[in-house]
Amino acid sequence: MAPEKEQAKETRLETMRHSASHVMAEAVKAMFPEAKFGIGPAIEAGFYYDFDLPRTLNPDDLPAIEEKMRSIIAADTPFTRKEVTKEEARRLFADQPYKIELIDELDDETVSVYQQGTFTDMCRGPHVNSTGEIKAVKLVSTAGAYWRGDEHNKMLQRIYGVAFDTQEALDEHLARLKEMARRDHRKLGRELDLFSIQDEFGPGLVLWHPKGAIIRREIEDFWKDEHVRRGYDIVYTPHLARMELWRTSGHLEFYLDYLYSPMDVEGQKYIMKPMNCLGHILIYKTKLHSYRELPIRYAELGTVYRYERSGVLHGLSRVRGFTQDDAHIFCRFDQLEDEITGVLDLALFMIDSFQFSNYQVMLSTRPDKCAGSPEVWEKATGILRKALERAGLSYEIDPGEGVFYGPKIDIKFESALGKAWQGPTIQVDFNLPPRFDVTYIGEDGQEHSVVMVHRTVLGSMERFLATLIEHYGGAFPLWLAPVQVKLIPVADRHLEYAHKLAGELKAAGIRAEVDTRAERINFKIRQAQLEKIPYMLVVGDKEAEAGTVSVRRRSGEQLADQPFDGFKKKVSEAIASRTMDIV
RNA sequence: GCCAGCGUAGCUCAGUGGUAGAGCAGCGGUUUCGUAAACCGCCGGCCAAGAGUUCGACUCUCUUCGCUGGCUCCA
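**Q** What is the right way to look at a nonpolar patch on the surface in this model?
**A** Residues L240, M263 and V265 make up a contiguous nonpolar surface patch of roughly 200 Å² in combined accessible area. Structurally, V265 is set in strand 13 (residues 263–265). A relative accessible area of 33% places V265 in the partly exposed class.

Put into C-alpha cells, the structure is as follows:
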C-alpha cells in the first residue's frame, strides 16, 4: 500500500475508533444516567473512555455495555456537529464537572459538540457520519485511571475497547494478542526453566536458573568482548556504598523515591547503589588525567537496586534489582561528537546482532528544572543532533524530556511481534563532573571539567532478556540456545554411540545433551521440540554403523543424513559467527 | 501506592457452606521402540497467610501478602 493511502486509512480508523468511544459513552450513560464523563480518545488499535460512576465496574458489565453499543450501531444514527459559545457549553455540560474543567482551559471562544441520538459530548472531532460506520468493536478491559493522569486527582474508571474496519481485522488483532500471550517472557521463562521470581525471596528480585544463566552469560561475554574491542575498560564496583556519596551526587535529592532505606554499618549509613556512575567517577579520580589520555571509557555490567512501587513490577522487564550494561565516558568537549557517534554505532551493532529491525530514535531536550547553563545545553544538544545526522539516523525531538543533568538520546526498538521496547540510552551529564570535581589537565596546564556520558546499549540484562525471549518466542538463535544439540538414541543399545557423539560435541564447545530416558523417540522429539532445542540428532543402528547423524530442526524440518564430523563443524561455525542456523 | 480482577498439587485447571479432584510433571515397574505424547501403579495439597461469622469455611466477611490488567513512573 502506498504510504499516503496507508496514512489515510490510519486516520479513518482513528476517527472511527474515536466515534466508537462516544458510542460506548452513550451506552454507559444508558446504564448509569448519573455518570460523569472524562475523556475518550482513540488509541492504538482502539479507544478508551474514562467515567466517574456510582459504582465500580466489574468485567461482567462489559458484555452488557457492548450489547447496548451494538444496538446503537445498528440504529445507524448520524453524528452531528455544532459550534457553541463557551457560555452555552457550560450550560450544556452543567452537570459534567470534568467537561467544565476542560471548557475552562480552552483558548477558543467557541467549542464544538457532537451529538448522536440522545447523547451529546464536547469534542474536537472529527467523527464518522453515523454510528453505522463503526464496524467491528469489542470491549476488552476495565482499569482505574487518574483524572488527567495525576495521582492527586480522583481515580476514574476506564473502559478499553478495540475497533476495526472488519470483523476479520478484529479477529486478526485478537489472534496477535493471543500470540503475544503465548510468547510472554514470564510464561516462557517458566516453561523453558530460565528464571523465577519468588514471593519467598522477594518480589521484583530475579533468580536466574542454569538455562537462563547460560543465555545471560553468552550475552555478557559477547558484550564484554565487543566493548574491549571498542576501547572500553571493564571495571567492577560494589553494590553498597556510603550514603554521603549519594548526597554529594544529588541523588538523595532528585532520586530519593527510588532509593532503599539506609543500613547502619558501624555507625555509618550505607545504601544499595541505584546507579553505577559514582564508582566509575571515583576510579577516574584516583589520579590526575592528562588531556592526552581522554577519552576514558569505563564499562561495567553493574547491578543496581531501585525501589519500584509494587503495582509496577512486571516479570523481568520491571524489577527491583537489575544489572545495567553500563558505561561512562570521560572526555573533552571537543571529543563529545566522536564519542556519541561511537556509541550510536555500537548501539546499532547490538540491535543488528540480535536481529531487531524497526527502531525509533528520540532526542530529548532541556527540561525546566535542570543543571547546567542553557548555553551548554544548547551546545551539547547540537552535538547530539550532529552525531545522529552523521550516523544517518532520522530522529524525533522530545522537547523538555531530557534528564535534569543533560540531554539524551533514546532508541526504542520493536520485537518480532511489533512490541516496542526501551533500548539504548545515551545521556550527557553536566551535573556530576562539577559536583565531584572530575577534571583533566589541559594543554594549557590548567584543570578543565570533563564531559561525562552515561550510556547503556542493551538497557539491563533483565529487561533485555525479557525482550529477547518475546522477540524469539523462546526459540533462541543457536549461539544463545541453552542446549544446542539434543541426541536421541533410538534404543538403549545406541546410548553408547550417543554419548560418544555428545562428548565430541562438548569437546568442541557445543552444548549437547543425550536423552537417556526409556521412552519412544516420538516422545523424546516432542520434548526437545517443546524445549526449542535447535537440533535433534536421532541415532540408531544405521547411524552408528555409518558414523552419520539424522538431523532434525526444531521447526520440524528434516535435514539429509550427514556425516557427524561435518555436522559438528557446521554447528561450530554457526555458533562462532552467531548466525541463527546452520547452512 | 491507587482502581479492578485473581490466588486450589511442580504446571494447566475443575470444585463452591457438610472435612479436596483431573490431566501433565515426578517416582516405581513393564515396553527397546525410527522423527511431536507407549502402558500399569504410586506419591503428591494447613485450598496464599491471619482473624471473624457458623454446629461446620476452600466456599461468606475483614485484614495482610502476592500475581494479572491499567493509572503513574522507568533500565
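Once you've had a look at it, read on.
**Q** Looking at this structure, I do not really get the sheet that holds strand 4 (residues 79–85). What am I missing?
**A** Strand pairing in a sheet is mediated by backbone hydrogen bonds. Such pairs are either parallel or antiparallel. On the basis of which strands lie adjacent, the open sheet formed by three strands has the order 4-5-6 and antiparallel pairing. Edge positions in the sheet fall to strand 4 and strand 6 (119–122), since each of these pairs with one other strand and no more. This sheet shows a mean twist of 30° between the axes of neighbouring strands, independent of strand direction. Summarising the sheet, strand 4 and strand 5 (residues 110–116) pair through seven bridges and their orientation is antiparallel. Residue pairing across strands places R81 opposite Y114, the latter belonging to strand 5.

**Q** Which parts of the structure should I look at to understand the protein's contact with RNA strand B?
**A** Around RNA strand B, the surrounding shell holds 56 residues, and the nearest of these are Y258, R318, R526, E543 and S550. Sugar plus phosphate: this is where 52% of the atoms of RNA strand B within 4 Å of the protein reside. A distance of 2.6 Å is found between a phosphate oxygen of RNA strand B and a side-chain nitrogen or oxygen belonging to S310. One of the side-chain nitrogen or oxygen atoms of R526 is found 2.5 Å away from a base nitrogen of RNA strand B.

**Q** Looking at this structure, I do not really get helix 2 (residues 61–75). What am I missing?
**A** The end-to-end C-alpha separation of helix 2 is 22 Å, in line with the 21 Å expected for 15 residues at 1.5 Å each. What helix 2 keeps buried is the set D61, L62, I65, E66, M69, I72 and I73. Seen from one end, helix 2 has its buried residues packed into an arc of 125°, which puts them on one side. Counted as exposed and oriented over 90 degrees from the buried face of helix 2: P63, E67 and A74. D76 sits one or two residues past helix 2 and shows a positive phi near 50°.

Rules behind the numbers
Residues numbered from 1 in each chain as written. Chains lettered and ligands numbered in written order. Predicted model: local features only at pLDDT ≥ 70, side-chain atom pairs only at ≥ 80, totals over all residues. Heavy atoms only, no water. Patch = residues over 30% accessible without salt bridge, like charges linked within 9 Å, V, L, I, M, F, W, Y side chains within 5 Å. Areas by Shrake-Rupley, 256 points an atom, 1.4 Å probe, with all protein chains shown as cover. Salt bridge = Lys/Arg side-chain N within 4 Å of Asp/Glu carboxyl O. Helix = DSSP H or I, 4+ residues; strand = E, 2+ residues; numbered from the N terminus. Buried < 20%, exposed > 50% of the residue type's maximum accessible area, 1.4 Å probe, protein only. Pairing = 2+ DSSP bridges. Axes fitted to C-alpha atoms, helices over the stretch in contact; angles between N-to-C directions. Near = heavy atom within 4 Å. Polar contact = N/O pair within 3.5 Å; in protein donor to acceptor, adjacent residues only side chain to side chain. Expected span 1.5 Å × (residues − 1). Arc of directions from axis to C-beta.

Purely geometric stuff here, so don't read any function into it on its own.
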